[in-house]
Amino acid sequence: MDTKSPQQRHKNMAAIRSADTKPEMTVRRWLHSHGFRYRLNHRGLPGHPDIVLRKYRTCIFVNGCFWHGHEGCRYFRLPKTNVDFWRTKIERNRERDHRDYQALARLGWHTIVIWECSLKPASVRQRTLESLEQTLYHIFLADRQLPNRPSRTLQYPLHGEEDGTDEKLVAEP
Ligand SMILES: [Zn+2]
C-alpha cells in the first residue's frame, strides 16, 4: 500500500534523481527512504557486501557491469586492445564473485546482486527497486515460516558476523 503523499513522493523522486551518481548510493538512499536499515561494506563477511540487511539475512552487491562481467549486457564490452588481459581479469572477478556468493549462502545469508544497468534509466530503476523491496519482504516472511527455526535466532550474531550489535546500523539523511 502506498501511503505517501504526492509531496513526499515528489521529494523521494527528487532525492533519487539528485543522488550521488554512484549506483550503490542510489540503492542505499532508496532503501533508507523506504525504512530499511543496513550496514555497509561488512568486513567480516565474504566479499565485503556493499549493503548488509541483517534483519533480512541479506547481502546486497551493487555490481558494475564491466568489472563484474555482466554477461550479455550492453555495458559489458571488452576493450579492443589487450583483449586477453581484460578477458582474464574480468573472468577472475566473476569467479571471485561466485565464490563469495557461495560462501555467504553457506553462512546462511541471502545474496542479491543489483547490476548497474538495472538502475538506469529512471523507469527501469523504479522497477528494479520495487522488485528489490518485494524480494526482501518475501525473504523476511519465508525465513519466519520455517518450522524449525527458533524465533530468537536473530538475537544472536549470525555466522560470519564479527558481532551482533545493531547499533552500528547506518542512518543516512
Ligand atoms: Zn549490465
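For the structure, see preceding data.
Let us look at the structure shown here. Small disclaimer: the values here were computed from a predicted structure and weren't measured.

1. Here we look at the nonpolar core
Part 1 of the argument: By size, the foremost hydrophobic cluster in this structure holds 22 residues, and its most contacted members are Val27, Ile51, Leu53, Cys59, Ile60 and Ile114.
Part 2 of the argument: Put simply, the parts of the chain that give this core at least two residues each are helix H2 (23-33), strand E2 (51-53), strand E3 (58-63), helix H3 (83-106), strand E4 (110-115) and helix H4 (122-145).
Part 3 of the argument: Element by element, the count of residues in this core is highest for E3, at four residues.
Part 4 of the argument: Aside from chain neighbours lying at most four places away, what touches Ile51 is Val27, Arg28, Leu31, Tyr38, Leu40 and Ile60.

2. Some points on the pairing of E3
Put simply, side chains in a regular strand alternate between the two faces of the sheet.
Part 1 of the argument: Where burial is concerned, most of E3 is hidden: six out of the six residues are buried.
Part 2 of the argument: Burial along E3 is two-sided: Thr58, Ile60 and Val62 and Cys59, Phe61 and Asn63, pointing in opposite directions, are all buried.
Part 3 of the argument: Of the strand pairs in this sheet, E2 and E3 are connected by three bridges, and their pairing is antiparallel. Following the sheet pairing, Leu53 is matched in E3 by Thr58.
Part 4 of the argument: Between the end of E2 and the start of E3, which pair antiparallel, lie four residues, with Arg57 showing a positive phi angle near 50°.
Part 5 of the argument: Pairing between E3 and E4: six bridges, direction parallel. Following the sheet pairing, Val62 is matched in E4 by Ile114.
Part 6 of the argument: Following the backbone out of E3, through H3 and into the adjacent parallel E4, one traces a crossover that is right-handed.

Criteria and cut-off values
- Residues numbered from 1 in each chain as written.
- Predicted model: local features only at pLDDT ≥ 70, side-chain atom pairs only at ≥ 80, totals over all residues.
- Core = buried A, V, L, I, M, F, W, Y, C linked by C-beta atoms within 7 Å.
- Buried ≥ 20, exposed ≤ 12 C-beta atoms within 10 Å, placed from the backbone.
- Helix = DSSP H or I, 4+ residues; strand = E, 2+ residues; numbered from the N terminus.
- Contact = placed C-beta atoms within 7 Å.
- Pairing = 2+ DSSP bridges.
- Right-handed = clockwise from strand over helix to strand, strands pointing away.

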